[in-house]
Each structure stands twice: as C-alpha cells, then as structure tokens.
Amino acid sequence: MADLAVVFHWAPADMDRLGLQELMEWRERARVRATPDGHE
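Right, let's walk through the structure included here. (Residues numbered from 1 in each chain as written. Predicted model: local features only at pLDDT ≥ 70, side-chain atom pairs only at ≥ 80, totals over all residues. Heavy atoms only, no water.)

## Let's talk about the overall build of the protein chain
Line of reasoning, step 1. The secondary structure content of the protein chain amounts to three helices and zero strands.
Line of reasoning, step 2. Reading the secondary structure of the protein chain in the N-to-C direction produces α-α-α.
Line of reasoning, step 3. A burial count over the protein chain gives 22% of its 40 residues as buried.
Line of reasoning, step 4. For the protein chain, the accessible surface area stands at approximately 3,100 Å², while carbon and sulfur atoms represent 56% of it.
Line of reasoning, step 5. When the 5 basic and 8 acidic side-chain charges of the protein chain are each reduced to a single mean position, those positions are 3 Å apart. (Helix = DSSP H or I, 4+ residues; strand = E, 2+ residues; numbered from the N terminus. Buried < 20%, exposed > 50% of the residue type's maximum accessible area, 1.4 Å probe, protein only. Areas by Shrake-Rupley, 256 points an atom, 1.4 Å probe, with all protein chains shown as cover. Lys, Arg positive; Asp, Glu negative; His and termini not counted. Charge placed at Lys NZ, Arg CZ, Asp CG, Glu CD.)

Printed below as a string of structure tokens:
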C-alpha cells in the first residue's frame, strides 16, 4: 500500500507481516496524518 510507504516510510516487507485488518487500520492512520485537517 503506497500510502503506508509514503507516510511511514515502510518497505513492502514491513507490510507483508500484517494482516488485512491491521493494514486497513494503519492505512487510516496514514490518511489522517497525510490530510491537514484529518478529514475528507
């Protein structure tokens, strides 16, 4: 997931060990961090 790589500087190998639910939770954290007001 490119957004995790960009926001958290994670390599694909870092994400391989995460399950789908955990990836989606981290993706939401990346979205909030990357969005100036945390919405959209």
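## Side note on the nonpolar core
As a rule of thumb, nonpolar side chains are buried together in soluble globular proteins.
Line of reasoning, step 1. Core analysis: the biggest nonpolar cluster contains seven residues, these being Leu 4, Val 7, Phe 8, Met 15, Leu 18, Leu 23 and Ala 30.
Line of reasoning, step 2. Secondary-structure elements contributing two or more residues to this core are α1 (2-8) and α3 (20-34).
Line of reasoning, step 3. If you tally residues by element for this core, the top one is α1, at three residues.
Line of reasoning, step 4. Setting aside its immediate chain neighbours within four residues, Leu 4 contacts His 9, Trp 10, Met 15, Leu 23, Trp 26, Arg 27 and Ala 30. (Core = buried A, V, L, I, M, F, W, Y, C linked by side-chain atoms within 4.5 Å. Contact = heavy atoms within 4.5 Å.)

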